[in-house]
Amino acid sequence: MVDHALVAEIEGLGTRLAEAKASINRRFIGQDKVVELVLSSLLCGGHALLVGLPGLGKTRLVDTLGTVMGLKANRIQFTPDLMPADILGSEVLETATDGSRAFRFLEGPVFCQLLLADEINRASPRTQSALLQAMQEKEVTIAGQHRPLGRPFHVLATQNPIEQEGTYPLPEAQLDRFLVQVDVDYPTRAVERDILIATTGAEEAASTQVFDASELIAAQSAIRRMPVGDKVVEAILDLVRACRPGEAEGRDLADILAWGPGPRAAQALMLTVRARALLQGRLVPSVEDVAALAQATLTHRMALSFAARARGESLAGVISRVSTRVLGLEAAA
């Protein structure tokens, strides 16, 4: 039975999202796939890891998203000397005019709705771990007291894939909490020409607000009520299980992968296929959506074995081969 109210809600949301994409593209030019993946992450209530070289607009994209989605945004520049209190906040002892003293909590930058964790792999593991509870539970515990974060709460982290000196690789538990990994590549020549013209003149185009926090929360609820066909559900399970070297479906990868994706990968695909369908004006996701999102949802949840790295294997190549074998479709690069 067709839920006409849900159909109308999703169609209206699709129109608003088209406006949001157009507003974002006025400042972040020509990277449609990147915009779609990051918007999908927000629509699913998740976090995104943006991987790319400096100067490709990652910080600009996050700043623009805060404006367009109407979210309170904060930025943290991660450095080796950054401490957990610099992220979470701390208690200070204050003396009142009557001489009495009491502790007062000063909120850190994590108390926002959209947090840009710039160059997240430059901070020490101790500092990186300060985000684990925030990303999973949407709250932090300080001095034994639970403090809720903003609603909604999203972390968009950036990372340079080339520079390794002075960096600390993100632990697997934290990587798994990113809904998607978004690879930001160099623009094409035509796009780079548009960027030059748009950003070096006397004035730059400005983005405008399209959503607010309450509307984004409502959109996240609508996404979870979108129907997903059994064929798509089975495709998600087939793909994820075929990428696990310990499962019967992935036994041919035993000498290629050290480990494969867990249940969070299947959950990420189940949510993001809905968001992708909606962003493309469709009411129901397809198997093609599963293949298109395989790289973004699986790459950071898998690791090559030492022997595979020595042979020059890549996770992108492994995921593409598995997608072709299991789904009959090649994973989008």
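Everything discussed here concerns the structure shown above.
In this text, all values refer to a predicted model and were calculated from it rather than measured experimentally.

A separate point is the pairing of strand β7 (residues 145-148). Here strand β6 (residues 139-142) runs beside β7; their pairing, made up of four bridges, is antiparallel. For V140, the partnering residue across the bridge sits in β7 and is R147. Joining the antiparallel neighbours β6 and β7 is a turn of two residues, in which A143 adopts a positive phi near 55°.

This brings us to the nonpolar core. Ranked by size, the top nonpolar core spans 75 residues in total, and within it L61, L65, M69, L239 and L298 carry the most contacts. Looking at this core element by element, the count peaks at nine residues for helix α11 (residues 263-279). Not counting chain neighbours up to four residues away, the residues in contact with L65 comprise I24, V38, L39, L42, G70, L114 and L156. Grouped together as the second largest cluster of nonpolar side chains are 28 residues, V110, I120, A130 and A134 included.

In the segment running from R151 into P152, the intervening peptide bond is cis, with an omega of -10°. Looking at the element boundaries, P152 is found in the loop between β7 and β8 (154-159). Backbone geometry places E119, a non-glycine residue, at a positive phi of 55°. Judged by its relative accessible area of 25%, E119 falls in the partly exposed class. Its identity as a non-glycine residue notwithstanding, K138 has a phi of 60°, on the positive side. As for its position among the elements, K138 is in the loop between α6 (130-137) and β6.

Another aspect to go through is the packing of α11 against helix α12 (residues 287-298). Contact geometry for α11 and α12: axes closest at 9 Å, N-to-C directions at 125°. It follows from the interaxial angle that α11 and α12 lie oblique. The interaxial crossing formed by α11 with α12 has right-handed handedness. Across the interface between the two elements, A265, A268, L269, T272, V273, R276 and A277 from α11 touch E288, D289, V290, A292, L293, A294, T297 and L298 from α12. Counted by class, the contact of α11 with α12 contains ten nonpolar, two polar and three charged residues.

Let's shift gears to the environment of V34. By the element assignment, V34 lies in helix α2 (residues 32-43). Remark: the alpha-carbon pair of V34 and G89, spanning 55 residues in sequence, is separated by 32 Å.

We now examine the layout of surface pockets. Space inside the largest pocket adds up to approximately 1,000 Å³. V51, Q181, D183, T299 and H300 are the residues nearest the centre of the largest pocket, which is lined by 47 residues in total. It is α2 that provides the largest number of residues to the lining of the largest pocket, a total of four residues. Classifying every residue of the lining of the largest pocket by side-chain character gives 24 nonpolar, 15 polar and eight charged. Put simply, the second largest pocket is a space of about 410 Å³. Around the second largest pocket, the lining comprises 18 residues; the ones closest to its centre are G45, G46, L179, R224 and L271. Residue contributions to the lining of the second largest pocket peak at four residues, all from α11. Counted by class, the lining of the second largest pocket contains six nonpolar, six polar and six charged residues.

Two elements in contact, helix α10 (residues 230-242) and helix α14 (residues 315-327), have axes whose closest approach is 10 Å; the angle formed by their N-to-C orientations is 135°. The pairing of α10 with α14 is recorded here as oblique in orientation. Helix-helix and strand crossings are classified by hand; for α10 and α14 the assignment is right-handed. On α14, the residues that touch A235, D238, L239 and A242 of α10 are V322, S323, R325, V326 and L327. Along the lines of polarity and charge, the residues of the contact of α10 with α14 split into six nonpolar, one polar and two charged.

Okay, the pattern of salt bridges next. Tallied over the entire structure, the rule returns 17 salt bridges. With a closest N to O distance of 3.4 Å, E119 and R122 form a salt bridge. Taking relative accessible area as the criterion, R122 reaches 18% and is therefore assigned buried. Here E247 ties to R241 by a salt bridge, and the two come within 2.9 Å at their closest N and O atoms.

The rules behind each value
- Residues numbered from 1 in each chain as written.
- Predicted model: local features only at pLDDT ≥ 70, side-chain atom pairs only at ≥ 80, totals over all residues.
- Heavy atoms only, no water.
- Pairing = 2+ DSSP bridges.
- Helix = DSSP H or I, 4+ residues; strand = E, 2+ residues; numbered from the N terminus.
- Core = buried A, V, L, I, M, F, W, Y, C linked by side-chain atoms within 4.5 Å.
- Buried < 20%, exposed > 50% of the residue type's maximum accessible area, 1.4 Å probe, protein only.
- Contact = heavy atoms within 4.5 Å.
- Axes fitted to C-alpha atoms, helices over the stretch in contact; angles between N-to-C directions.
- Parallel < 35°, antiparallel > 145°, perpendicular 65-115°, else oblique.
- Left-handed = near helix turned anticlockwise from the far one by under 90°.
- Nonpolar A, V, L, I, M, F, W, Y, C, P; charged D, E, K, R; others polar.
- 1 Å grid on protein atoms, 1.4 Å probe; cavity = no way out; pocket = protein on both sides within 12 Å on 5 of 7 lines; lining within 4 Å.
- Points joined across faces, edges and corners; volume = space filled by probe spheres on them.
- Salt bridge = Lys/Arg side-chain N within 4 Å of Asp/Glu carboxyl O.

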